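A structural walkthrough
For reference, the chains in residue letters:
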Amino acid sequence: MADTPTTRARLPRTAIVYHYFAHYRLPVLRTLTAAWEERGSRLTVVSDRAANQPALTTITPALADVPLAQGGLRWRFVTNRWLLRNVLWQSGVLRLALGTEQRVLILLGNPYFISTWVAAILARLRGKRVLFWTHGVTRREHGLQKLLRFSFLRLAHGLLLYGNWARDQLVRTGGFDPAKLHVIFNSLDHDVQVQGRALLVPERLDRVRREFFGAQPELPLLVFCGRLVARKRIDLVLEAAHRLQKDGRPVNVLVVGDGPLQQHLKKLAADLDLKDRVAFAGACYDEARLAMLLGAADLCVAPDGLGLLAIHALTYGTPVVTHGNVEHHFPEYEAVVPGLNGAIFREGDPRDLADVIAAWLEAAPDRRQVREACFEVVDRWYNPAAQVERIVRAVRGEPAQEERVLPELERPESLLEVDRLGTGGPGGALSPQAQPPVRGLVRRLGRRARMLTTPARYKLIATGKDFHMGQGCRVMRRCVRVGDYSFIGNDCHLMSRLRIGNWVMFASQVSVVGGDHDFVIPGVPAIWAGRGRNREVVVEDDVWVGHGVTILHGAHIGEGAIIAAGALVTQDVEPYTIVGGVPARLLRRRFLPEEEAAHRRALAELRARYCGG
């Protein structure tokens, strides 16, 4: 954290109230404590001594008796009274809210913690600043559930969020002020893990491969690390490895962790003829050992529920493969930048997972450069120092600064808008687990019915598979045809002959304008002169058109192009360029030459597989 006059100013006395502190919170709590001490103030952590989940490892309460200079914490203990499984009353928290010692309360933003409602209200009445440390939202909610959560979150002066997806949802669906939504990301023990990078030398990593796969250690290595439970869908990794082996592209798979599915997964590996290709390392809590196990792999595969594993793998320079449905992940999913430090496959599809793995391995990106790209994301955003810097701003009441792992222009739209269609690949539909079963079924049937009637309602010439059109669009009848897996946002104005390819995204309020009035006939007002020929607009595959773009008739938008929000397109756009401005002009190329070639090949394969050629 930079030592500027602003950041070095004295901080108000602050308390952080949790139900319990998981073990991985210790580095950030120590960093926070040091930051407050350096600025002549005090930070107190507040929780019960133990968790209500016996299997969960928490920070030892003995640190309350250890001097701060030796890594201890200023810790105040309260009593958790669990009324139901998730409903909590914390005895002693109200005294913090009413007392005069603390000027800022950072409370865990869980609406099922009844005492937090009361403490937040009392603290605000006492003139204290209240912040909620929270996920915010993890999936789209509706009705009473949404009303309850949003009403609770509005009790705070500001929110400390783990990711930008939650921030965007709160702004768009809840009307929250972006200046009060501080994205602080998440962290592990960054200092210790950075030291572990020194172990990542070829000789040691080769030794790890030989330890588990002595027969063929040179094969590409996939690793999974975590609890072996059904939620993580580790079976998809084994099925993908089986498909790769059948295709003549064998890989080794290292499973790190323990859990109730271990024996089932061993049997599945044997049934898939992968007995010599899959190794189980068991649970591992030694960070140096984890550095070797994760760092030795070519790819870390997280088939579902990606969370802190993303930070762990990237910290040791291993890219991450996961699916693209953000609502089935934890916020750390946002650390994965497709094509840079990882890749995305279609949710629940082992064939697509195998294809994505094969494509990454065939591209053979420079391993050193990939490691550096992985390190950069963690070293910049996902570490205790970065978290503390953002928490300090929130405590002081400074407006939140929008920060994203991907620049806004380059961010895949599926993370923000199109993931309501499913994401993760062609044909994806929002998984039933993402919403209550009955309501989810009704919503999916309603969406499907609307999409089936869209061509007739708008008199479209033709539409492809999984086409979606938003509400409030105006379309010239019998003039528009759309390819497969394409998306048109709300309030678009399509008043020209238009041909849209596959995987095309139109954001909201895009206008495609038809022929102009003839304004050069002497003595004839332009309004009476009529229009010239309406030339067709062609938008090729894999094009992203930003919010509020205007495209004049006759323009040809090349494959893979991106048009920035608000641009005016008056002429053709070259393939794989990014353009913007009025009129639109070249900003830069989308890919490096070798990346563009690889992307073209991948599109050709996808087109043949999913779009009929």
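Residues numbered from 1 in each chain as written. Predicted model: local features only at pLDDT ≥ 70, side-chain atom pairs only at ≥ 80, totals over all residues. Heavy atoms only, no water.

**Description of the overall build of the chain**
- Check the secondary structure of the chain and you find 17 helices and 31 strands.
- Split into buried and exposed, the 613 residues of the chain put 51% on the buried side.
- Across the chain, every contact between residues at least 6 apart in sequence was considered, and the portion connecting residues at least 24 apart equals 60%. (Helix = DSSP H or I, 4+ residues; strand = E, 2+ residues; numbered from the N terminus. Buried < 20%, exposed > 50% of the residue type's maximum accessible area, 1.4 Å probe, protein only. Contact = heavy atoms within 4.5 Å.)

**Notes on the sheet that holds strand S29 (residues 568–569)**
- Strand order in this open sheet of five strands is S17-S20-S23-S26-S29, and the pairing throughout is parallel. Edge strands, defined here as strands with exactly one partner in the open sheet, are strand S17 (474–475) and S29.
- Where S17 and strand S20 (residues 493–494) come together, two bridges link them in parallel fashion. Residue Val475 lies in a different strand from S20, and its bridge partner there is Leu494. (Pairing = 2+ DSSP bridges.)

**Focus on the environment of Ala296**
- Note on placement: Ala296 falls in the loop between helix H11 (287–295) and strand S13 (299–301).
- In sequence terms Ala296 and Leu200 are 96 residues apart; their C-alpha atoms lie 7.7 Å from each other.
- In this structure, Ala296 is in contact with Leu205, Val208, Arg209 and Leu221, ignoring residues within four places of it in sequence.

**Describing the nonpolar core**
- The biggest cluster of nonpolar side chains holds 101 residues, and the ones touching the most others in it are Phe132, Leu159, Leu170, Leu238, Val253 and Tyr382.
- Among the nonpolar cores identified, the runner-up in size contains 32 residues, and Phe467, Val475, Val482 and Val504 belong to it. (Core = buried A, V, L, I, M, F, W, Y, C linked by side-chain atoms within 4.5 Å.)

**Considerations on the environment of Leu94**
- Within the fold, Leu94 resides in helix H3 (residues 93–98).
- Note: C-alpha distance between Leu94 and Ala119 (25 residues apart in sequence) is 5.3 Å.

**Some words on the packing of helix H12 (residues 308–315) against helix H14 (residues 367–380)**
- Look at H12 against H14: their axes get within 8 Å of each other, and the N-to-C directions meet at 125 degrees. When the axis of H12 is compared with that of H14, the two are oblique. Viewed along their axes, H12 and H14 form a crossing whose handedness is left-handed. Across from Ile311, Leu314 and Thr315 in H12, the residues of H14 making contact are Cys374, Phe375 and Val378. (Axes fitted to C-alpha atoms, helices over the stretch in contact; angles between N-to-C directions. Parallel < 35°, antiparallel > 145°, perpendicular 65-115°, else oblique. Left-handed = near helix turned anticlockwise from the far one by under 90°.)

**Let's talk about helix H5 (residues 143–153)**
- When we look at burial in H5, the residues that qualify are Arg149, Phe150, Phe152 and Leu153. Taken down its axis, H5 places every buried residue within 160 degrees of arc, on the same side. For H5, exposure combined with an orientation more than 90 degrees from the buried face picks out Gly143, Leu144 and Leu147.
- Taken together, the buried residues of H5 touch strand S6 (104–108), helix H4 (114–125), strand S7 (129–133), strand S8 (158–161) and helix H6 (164–174). (Arc of directions from axis to C-beta.)

**So, the packing of aromatic side chains**
- Per the stated rule, a full pass over the model turns up 11 aromatic pairs.
- Over the aromatic face of Phe77 sits the side chain of Arg49, whose NZ or CZ is 4.0 Å from the ring centroid.
- Between Lys266 and the ring centre of Phe280, over which it is positioned, the NZ or CZ distance is 5.7 Å. (Phe/Tyr/Trp six-rings, centres within 6.5 Å; stacked < 30°, edge-to-face > 60°. Lys NZ or Arg CZ within 6 Å of the ring centre and 35° of its normal.)

**Notes on the pairing of S7**
- The buried count for S7 comes to five of five residues, which makes it a mostly enclosed element.
- Burial along S7 is two-sided: Arg129, Leu131 and Trp133 and Val130 and Phe132, pointing in opposite directions, are all buried.
- Here S6 runs beside S7; their pairing, made up of five bridges, is parallel. Counterpart to Leu108 in the pairing with S7 is Trp133.
- When S7 meets S8, the two strands line up parallel, connected through three bridges.

**Notes on the packing of helix H2 (residues 26–38) against helix H15 (residues 384–396)**
- Where H2 meets H15, the axes come as close as 9 Å, and the angle between the chain directions of the two elements is 50 degrees. Relative to H15, the element H2 lies oblique. Crossing hand, H2 versus H15: right-handed. Between H2 and H15, the contacting residues are Pro27, Val28, Thr31, Leu32, Ala35 and Trp36 on the first element and Pro384, Ala385, Gln387, Val388, Ile391, Val392 and Val395 on the second.
- The class makeup of the residues in the contact of H2 with H15 is 11 nonpolar, two polar and no charged. (Nonpolar A, V, L, I, M, F, W, Y, C, P; charged D, E, K, R; others polar.)

**Examining the side chain of Asp304**
- Relative to the helices and strands, Asp304 is located in the loop between S13 and H12.
- There is a polar contact of 3.2 Å between the side chain of Asp304 and the side chain of Arg231.
- Engagement of the side chain of Asp304 in a polar contact is seen with the side chain of His323, the distance being 2.8 Å.
- In contact with Asp304, other than residues within four places in its own chain, are Arg231, Lys232, Arg233, His323, His328 and His329. (Polar contact = N/O pair within 3.5 Å; in protein donor to acceptor, adjacent residues only side chain to side chain.)

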